[in-house]
Structures are given as C-alpha cells and as structure tokens.
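# Coordinate inspection notes
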Amino acid sequence: MRAYTLKNNNIEITFIERGGQITSIKVPDAKGNIEDVVVGYDSMDEILAGDGYFGALCGRYANRIVGGKFEIDGKKFQLDCNNETNHLHGGAEGFNSKNWAVSPIVLDKFVQAYQLSLTSEDGEEKYPGKLDVSVIYGLTADNQFVIEYEAETTKPTVINMTSHSYFNLRGAGKASAENHKLQLNASKYTPISAELGTTSGEIVPVKDTPFDFTSAKEVKVACKTDHEQINMVDGIDHNFVIDDFDGSVKLAGVLLDPESGRKIEVYTNQPGIQIYTGSHFDGSEIGKNGSPIKQTAGIAMETQIFPNSPNYAHFPNATLKPGEKYKHVCIYKFC
Ligand code: BGC
C-alpha cells in the first residue's frame, strides 16, 4: 500500500491510495509541540484491517439514502443497503474502499499537492452513470489543507462526497476530544427520525437545543444533555445547515482544544456539515498511542449536502447530469 506525504514548514499530512485515507496529520501547538490530530492506527497492518472510513474519501453518496432508493426524472433506482435498511457512504464498496490513482500536481496556491483520480463505472453499487472523479489534496504555506472534489457523469446520477477524518487536537489517543470547543455557523440543523435512521426531512432552529453551537461550546455539554435527538444516537450524529449558503466557500465552523490551543477552521462551498462524535466507538479497537478508541476519541466534521437529499425536494439538489460538473471544496485550516 503506497503512502504519500504533504508537507509545509509546520504540518505533515500522510494518506494512502486506498480510499485516499488520511492516516496522520501532524500539527504543532504554539510552543512547537507536535501531535498527530486524526484518529487512526499506529501501523499499516492495522490501518488496512481497521475502520475503512477513518480519514477516507466517501462517495458516491456519503451519508445515508433511506432504503437505498431515489428517483431522477421519474426513473427509479435501488442501491444496496449496507447500513440496516439504508445505503451509507456509497455502499459496501464505496469510494473509501477503492484504490485511487495518485499523482503529484503542481499548483501555484499549494506548497505541495496530489491529485487522486477514480472512475466509478456505470452501475457500480447500482448507481447510474459512469463517474470520473478527481480529488486534489493541497497544502498551502499558511496551513490550509484543501480538498477539492470534481466529478462528471455520463448519465444523471446522485453525488455527495466527503472526507471522514475524526479530529482530536490534543493528539489522537492522548485524551478524549470531549472538552474541545465547537462553534458552527449554523442556526439550523436537520433532526433524525428513529424510524428512518437519518434525517426526518425537517429543518429546525438550533436555538434552545443542545445543537446550538452558534457560540463556541464544549462538545460534551451537548453530548451529555438529556435530549431525544442526542439520546437517539448517543451523542451528535447530525447534519447542520450552514448559514447563508450561496455556493461560495465560507467558514462553516471552528474546533478548538483549549488546553493545547490547537484550532481548526473548516471552510466549504457545501450547504451542510455532519458532526459526528463517534457513538459507535466502543473501545474494543486499539488506535494510536495504544489507546482504545472510545466515543469522542475525535470529532468528525464532514462537509456535504444533507443526508437523504435525493428524497426531499426541499433539501439541496444531489443530482448531477451529463455536461455538469460537481465541485466541492473543503478546507481544514490549522491555526
Ligand atoms: C455517520 C455515522 C456513521 C459513520 C460511519 C458518519 O459519517 O454520520 O452515522 O456511523 O459515518 O463511519
């Protein structure tokens, strides 16, 4: 398995060709102490045998599609369901499980960059259309890790890609991320329906709910609140609606570890961001630093359109047609 490294004077990012999985991001604090800030494993054997979503590129449709069903222009499609009754992260053999073709690319704005390419055949995971996907991983001199997605299709299809790192700014495996402070430019979120196992279709204000991160707040405050939506998924596993979405790249949120002072700003041109506190981590797997991976081992901040968008006309449009280009930008800026 080939591994690649992106480096500037401060940060070092390593990823592998399978799933474009980011396996480490080494970031200094203000005093120059370096920690690896993404949840994962210490060895390549463990990476290959372990959670295939850690740091991975997810697609064709990241997050859930209820019943794996959708319709485009009256034509019905049925994807496989790999998450109980739903389709999750592109199915059992999603983009996270594919070996991407990786090549270095020179672009003025980046100190270093790689292009990752993949062709997803017509009918793969039962999605319509052959999809050509390009993802650029670029690192700027001012510590922005930029992920630029592009895709084109031969037939109308649905697409929603994301990057699935769990961040722990204290250092993965060193402490829980529950004391991290999260701030989101999101005055609304999309609640979950227990019956559907994902978004109910509602878009509601965060005000007076544990999902109010409009001012910075410790993640554990929300996770420990007795609230139906929190109890349903044992923490946060929700999509937030980024304010004033207009398709331009905007600041979606900030994650800060008060103790180390490390901070990430997340920018995107997407309308949503899934915050996931890792409720399925039960400590049975050993991760970096020999530590069991437990809930809030890290916080995932996945820029995206909303879960199950293909089935809700009032959610963002997930359809990509021939002649159109899917363009998604996600920036993790380390401050
Ligand atoms: C989803 C979780 C899911 C996890 C799997 C996240 O993006 O929101 O519900 O369990 O991915 O790794």
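Per an unreviewed UniProt entry, the chain is named Aldose 1-epimerase, and its organism is Labilibaculum antarcticum. The heading Subunit (unreviewed entry) in the UniProt record of the chain holds the text "Monomer." Under the UniProt heading Pathway (unreviewed entry), the note attached to the chain is "Carbohydrate metabolism; hexose metabolism."

Right, let's get into the environment of K321. Within the secondary structure, K321 sits in the loop between β30 (319–320) and β31 (326–334). In this structure the C-alpha to C-alpha distance between K321 and T154, which are 167 residues apart in sequence, comes to 7.5 Å. In this view, K321 contacts D73, T153 and P156; residues no more than four positions away in its chain are not counted.

What follows concerns the site of the ligand. Taken together, the residues surrounding the ligand are Y53, R64, H89, H164, Y166, D237, Q274, Y276, H280 and E302. H164 has a polar side-chain atom sitting 2.8 Å from an oxygen atom of the ligand. A distance of 2.4 Å separates an oxygen atom of the ligand from a polar atom in the side chain of D237. Burial of the ligand by the protein chains amounts to 92% of its free accessible area of 310 Å². In this structure the site holding the ligand corresponds to the largest pocket. Split into classes, the residues belonging to the shell around the ligand amount to three nonpolar, four polar and three charged.

Moving on to unusual backbone geometry. The peptide bond linking G59 to R60 adopts the cis configuration, its omega dihedral lying at 0°. Topologically, R60 is positioned in the loop between β5 (57–58) and β6 (64–66). Backbone geometry places D244, a non-glycine residue, at a positive phi of 55°. For D244, the position within the fold is in the loop between β23 (237–241) and β24 (250–256). For N308, which is not glycine, the phi dihedral falls at a positive 60°. Position of N308 relative to the elements: it lies in the loop between β29 (299–304) and β30.

Grouped together as the largest cluster of nonpolar side chains are 57 residues, with contacts concentrated most on I25, V135, Y137, F145, F240, M301 and F334. Counting residues per element, this core draws most heavily on strand β12 (residues 131–139), at five residues. Not counting chain neighbours up to four residues away, the residues in contact with I25 comprise I11, E12, I13, E35, D36, V37, V38, F145, F167 and F334. Counting residues in hydrophobic clusters, the runner-up holds 11 residues, among them V39, F54, Y166 and I293.

Quick look at the packing of aromatic side chains now. When we look at a pair of aromatic rings, we describe it by the centre distance and by the angle of the planes. According to the stated counting rule, one finds 20 aromatic pairs in the structure shown. With centroids separated by 4.9 Å and ring planes inclined at 55°, the aromatic side chains of F167 and Y332 adopt a geometry described as tilted. Here Y332 lies in strand β31 and F167 lies in strand β16 (residues 166–167), a separation of 165 residues in the sequence. The pair formed by F167 and Y332 is uniform in burial state, with each residue classed as buried. Judged by centre distance (6.3 Å) and plane angle (35°), the rings of Y189 and F240 are tilted. On the criterion of sequence distance, the pair formed by Y189 in strand β18 (residues 188–190) and F240 in strand β23 is long-range, its members being 51 residues apart. Taking relative accessible area as the criterion, Y189 reaches 3% and is therefore assigned buried. Among the aromatic residues, those joined into a ring-pair cluster are Y4, F15, Y114, Y137 and F145. Above the plane of the ring of F213 lies K217, whose end atom (NZ or CZ) is 4.5 Å from the centre.

Definitions and limits used
Throughout this description, residue numbers start from 1 for each chain and increase along the sequence as written. Only residues with pLDDT of at least 70 are given local features in this predicted model, and only at 80 or more are side-chain atom pairs given and counted; all residues enter the totals for whole chains, interfaces and linings. To get the side-chain values, take all heavy atoms of the structure and skip hydrogens and water. UniProt positions are given in the numbering used here, feature names are shortened, and annotations may be inferred rather than shown by experiment. We count a stretch as a helix when DSSP gives it H or I for four or more residues in a row; a strand needs E for two or more, and each element gets its number in order from the N terminus. Contact between two residues is taken to exist if any of their heavy atoms lie within 4.5 Å; hydrogens are not considered. Only a single heavy atom is needed: when it lies within 4 Å of a molecule or strand, its residue is near that molecule or strand. Think of a polar contact as two N or O atoms within 3.5 Å of one another; within protein, one of them needs to be a possible hydrogen donor and the other a possible acceptor, and neighboring residues in sequence only count if both atoms come from side chains. Each accessible area value is a Shrake-Rupley result obtained with a 1.4 Å probe; residue values ignore everything except the protein chains displayed when judging cover. Residues are said to line a cavity or pocket when one of their atoms sits within 4 Å of a point; the points come from a 1 Å grid over protein atoms alone, cavities being sets where a 1.4 Å probe fits but cannot get out and pockets being open sets with protein on both sides within 12 Å along at least five of seven lines. Here the criterion for a molecule occupying a pocket or cavity is that more than half of its atoms lie within 2 Å of the pocket grid points. When residues are grouped by polarity, Ala, Val, Leu, Ile, Met, Phe, Trp, Tyr, Cys and Pro land in nonpolar, Asp, Glu, Lys and Arg in charged, and all others, Gly among them, in polar. The criterion is simple. A nonpolar core is a set of buried Ala, Val, Leu, Ile, Met, Phe, Trp, Tyr and Cys residues joined through side-chain atoms within 4.5 Å. Using a 1.4 Å probe on the protein chains alone, a residue whose accessible area is under 20% of its type maximum counts as buried, one over 50% counts as exposed, and one in between counts as partly exposed. Between 30 and 60 degrees the pair is tilted, below 30 it is stacked and above 60 it is edge-to-face, where a pair is any two Phe, Tyr or Trp rings, Trp via its six-membered ring, whose centres lie within 6.5 Å. We call a charge positioned over a ring when the NZ of a Lys or the CZ of an Arg lies within 6 Å of the ring centre and within 35 degrees of the ring normal.

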